[in-house]
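What follows is each chain in one-letter form.
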Amino acid sequence: AALIASSDPAVRERLSRRPPIADLAPTHLQYNAIAAVVGAGLMPLLDGDRFQVGRQVSGEEAVEVIDRVRLMATTLDASRP
């Protein structure tokens, strides 16, 4: 996602969003990466705006995230001259 963002200002803006995450302090080591992924819409927050850092991601959830990244990359490729 960072590579895609480096070449598209709209994607860069989406990745710079920092939504509030109820169970993760902004000082947490992984906060910036998680907030960027959530802000870009690649992964959703759970009920109560929680991310649950230690929660296992199912195979289905992982495939959905990969599909969203692919869609983001495809959209970027289609917008290039």
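Residue positions are given per chain, counting from 1 as you read along its sequence in written order. Two thresholds apply to this predicted model, a pLDDT of at least 70 for residue-level local features and 80 or more for giving and counting side-chain atom pairs, whereas whole-chain, interface and lining totals are computed over all residues. As a rule here, side-chain values come from all non-hydrogen atoms in the structure, and water together with hydrogens is ignored.

Caption draft 1: Broad picture of the overall build of the chain. Numbering goes from the N terminus for both helices and strands, where a helix is a DSSP run of H or I of at least four residues and a strand is a run of E of at least two. Across its full length, the chain holds four helices and zero strands. Ordering the α and β elements of the chain from the N terminus gives α-α-α-α. Buried positions account for 26% of the 81 residues belonging to the chain. When contacts within the chain are restricted to residue pairs at least 6 apart in sequence, long-range pairs at least 24 apart make up 47% of them. Carbon and sulfur atoms form 59% of the exposed surface of the chain, whose accessible area is close to 5,500 Å². Burial classes: relative accessible area under 20% of the type maximum marks a residue as buried, over 50% as exposed, and values in between as partly exposed (1.4 Å probe, protein chains only). Throughout, a residue-residue contact means that at least one pair of heavy atoms, one from each residue, lies within 4.5 Å. Computed with the Shrake-Rupley method and a 1.4 Å probe, the accessible areas treat only the protein chains shown as cover for residues.

Caption draft 2: Spotlight on the nonpolar core. Definition of nonpolar core: a set of buried residues of the types Ala, Val, Leu, Ile, Met, Phe, Trp, Tyr and Cys, connected through side-chain atoms within 4.5 Å. Grouped together as the largest cluster of nonpolar side chains are nine residues: Ile-21, Leu-24, Tyr-31, Ile-34, Ala-35, Val-38, Met-43, Phe-51 and Val-65. The element best represented in this core is helix H3 (residues 31-39), accounting for four residues. With residues up to four places along the chain from it excluded, the contact list for Ile-21 reads Tyr-31, Ile-34, Ala-35, Leu-45, Asp-49 and Phe-51.

Caption draft 3: Quick peek at unusual backbone geometry. Positioned with a positive phi, Asp-49 is a non-glycine residue whose angle comes to about 55°. Along the chain, Asp-49 turns up in the loop between H3 and helix H4 (59-79). Here Asp-49 falls in the partly exposed class, since its relative accessible area comes to 43%. With a phi close to 55°, Gln-52 is a non-glycine residue in the positive phi region. Along the chain, Gln-52 turns up in the loop between H3 and H4.

Caption draft 4: Quick look at the confidence of the model for the chain. Residue-level confidence of the predictor is summarised by pLDDT, bounded by 0 at the bottom and 100 at the top. Scored by pLDDT, the chain comes out at a mean of 83, with 79% of its residues at no less than 70. Averaged pLDDT values over the elements of the chain bottom out at 54 in helix H1 (residues 2-6) and peak at 89 in H3.

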